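# Structural overview
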2 protein chains.
Amino acid sequence: MIDDFKDYLRLQTDLSEEDIQHICGLAIQRKIRRNEFLLREGEVCRHKIFIVKGMLRTFGMTPDGGEHILQFSTEENWTLDVESYDNQTPARCNISAVEPSEVLLWAKADFQNLLATLPQLKYFSELLIARNIYSSRQRMLTILSASPEEKYEDFVNYYPGLLSRLPLRMIAGYLGISLKTLNRVRHAQLVRH
Amino acid sequence: MIDDFKDYLRLQTDLSEEDIQHICGLAIQRKIRRNEFLLREGEVCRHKIFIVKGMLRTFGMTPDGGEHILQFSTEENWTLDVESYDNQTPARCNISAVEPSEVLLWAKADFQNLLATLPQLKYFSELLIARNIYSSRQRMLTILSASPEEKYEDFVNYYPGLLSRLPLRMIAGYLGISLKTLNRVRHAQLVRH
């Protein structure tokens, strides 16, 4: 599992082999089952998470058990509840596995230390944060503006690989539409094509 | 106008008077009229913007002229199209004045230089980015989950001062609901109270 992460760092950054070893030395390896939680609303987010294999979702829950999905995180992506992690306050989100997954975790103190001592990691981290901001803004515009049909089409185009890996109720929870509406949209598309 | 900004920096940061002078020396002062644009979709965002007085909005436009509002920026806030600014690519948003406003602008090269030479400014800037991420995530959860009634109530609670400053169509454009729905929600509340 750690070898995949090393390859990822070699490809994405200019970090030296020594630095990569150091980062990996502080990682905690975890295998998690489908639907296992890495973070529950109200807990404090104490780790940065890198997904080696599988998929996680970050979501809020309604009183009736509905899920509003902020993010799907697949292989070679990072996730966390950033506000809870930064300020060590109770999380407003849950993070749970969509599929059986393999993840690497870093305790906050360890990762802060890495960022403070490895400028290339800090630079890379800022780049990922920036990309995340760009896509959040874009998603916000889509959510505000698009019809259910456009939202679904957008999702299919942007995440072609995810469709077959996700139950429909989660796609609906990500698009902010009801399962009923999603089914209607999908049915209309099937008829059209 | 520049004095208000100096007070803001004194209050919010540990920057020295000399550094504050330096930052202010690079600022371009602009007064803009209601509905004047600081950035149009397709242009490159070349400046960081600080609002001294008034209010700007950042929004996407639909073919029929509808507005999907990403953000209202009032006094003592910063704004920009971050992706366009970072990468000098065409903006996907417009930035325009809701009210006659006074703003300070910094050319990207100047501001980059300030960030590189003033660690306190860099730290402050990262703090603002983080806060922005927190509130975006929260807003996304609200947009995904809440009913029009809850969205409106949320807006009223979160931005009590904005209600009287904004035309209803802009509030609707921010909440991602139609003007008709907004009117229904407001009418039902008036009847209830």
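Quick note: structure is the one above.
Now for a quick tour of the structure. It should be emphasised that the depicted structure is a prediction, and the values quoted were computed from it without experimental measurement.

### Let's talk about the interface of chain B and chain A
- Contact with chain B, which involves 19 residues of that partner, is made by 19 residues of chain A.
- Elements supplying a minimum of two residues to the side of chain B that touches chain A: strand 5 (67-74), helix 3 (82-87) and helix 5 (119-145) of chain B.
- It is helix 5 of chain B that provides the largest number of residues to the side of chain B that touches chain A, a total of 11 residues.

### With respect to helix 7 (residues 168-175) of chain A
- All of the buried residues in helix 7 of chain A are Ile171, Ala172, Gly173, Tyr174 and Leu175 of chain A.
- One or two steps after helix 7 of chain A, the chain reaches Gly176 of chain A, where phi turns positive at roughly 70°.

### Looking at the packing of helix 5 (residues 119-145) of chain A against helix 5 of chain B
- Helix 5 of chain B packs onto helix 5 of chain A with a crossing angle of 30° between their chain directions and a minimal axis gap of 11 Å. By the angle class used here, helix 5 of chain A and helix 5 of chain B are roughly parallel. The interaxial crossing formed by helix 5 of chain A with helix 5 of chain B has left-handed handedness. On the side of helix 5 of chain A, the interface is formed by Ile133, Ser136, Met140 and Ile143 of chain A, while helix 5 of chain B contributes Ile133, Ser136, Met140 and Ile143 of chain B.
- Its residues assigned to classes, the contact of helix 5 of chain A with helix 5 of chain B shows 6 nonpolar, 2 polar and no charged.

### As for the sheet that holds strand 8 (residues 101-107) of chain A
All names here are of chain A.
- Strands sit in the order 1-8-3-6 across an open sheet of 4 strands; the sheet is antiparallel. With partners counted over all chains shown, the strands left at the sheet margins are strand 1 (28-32) and strand 6 (77-79), one partner each. Adjacent strand axes in the sheet meet at a mean angle of 30°, parallel and antiparallel pairs treated alike.
- Bridge analysis of strand 1 against strand 8 gives 5 bridges, and the strand direction is antiparallel. Bridging from a neighbouring strand, Ile32 pairs with Ser101 of strand 8.
- In the packing of helix 4 (residues 108-117) onto the sheet, contacts are made with strand 3 (47-53) and strand 8, and the angle to strand 8 comes to roughly 75°.

### Let's talk about the packing of helix 1 (residues 2-12) of chain A against helix 2 (residues 17-25) of chain A
All names here are of chain A.
- Axis separation between helix 1 and helix 2 bottoms out at 10 Å; the angle between their running directions is 140°. In terms of orientation, helix 1 and helix 2 fall into the oblique class. By crossing handedness, the relation of helix 1 to helix 2 is classed as right-handed. Here helix 1 contributes Ile2, Phe5, Lys6, Leu9 and Arg10 to the contact with helix 2, which in turn contributes Ile20, Ile23 and Cys24.
- Broken down by class, the residue content of the contact of helix 1 with helix 2 amounts to 6 nonpolar, no polar and 2 charged.

### A word on the pairing of strand 5 of chain B
All names here are of chain B.
- Bridge analysis of strand 4 (residues 55-61) against strand 5 gives 7 bridges, and the strand direction is antiparallel. Each bridged residue has a counterpart across the sheet, and for Arg57 the counterpart in strand 5 is Phe72.
- Hairpin remark: strand 4 followed by strand 5, antiparallel, with 5 residues in the connecting loop; positive phi at Gly65, about 90°.

Definitions and limits used
Residues numbered from 1 in each chain as written. Chains lettered and ligands numbered in written order. Predicted model: local features only at pLDDT ≥ 70, side-chain atom pairs only at ≥ 80, totals over all residues. Contact = placed C-beta atoms within 7 Å. Helix = DSSP H or I, 4+ residues; strand = E, 2+ residues; numbered from the N terminus. Buried ≥ 20, exposed ≤ 12 C-beta atoms within 10 Å, placed from the backbone. Axes fitted to C-alpha atoms, helices over the stretch in contact; angles between N-to-C directions. Parallel < 35°, antiparallel > 145°, perpendicular 65-115°, else oblique. Left-handed = near helix turned anticlockwise from the far one by under 90°. Nonpolar A, V, L, I, M, F, W, Y, C, P; charged D, E, K, R; others polar. Pairing = 2+ DSSP bridges.

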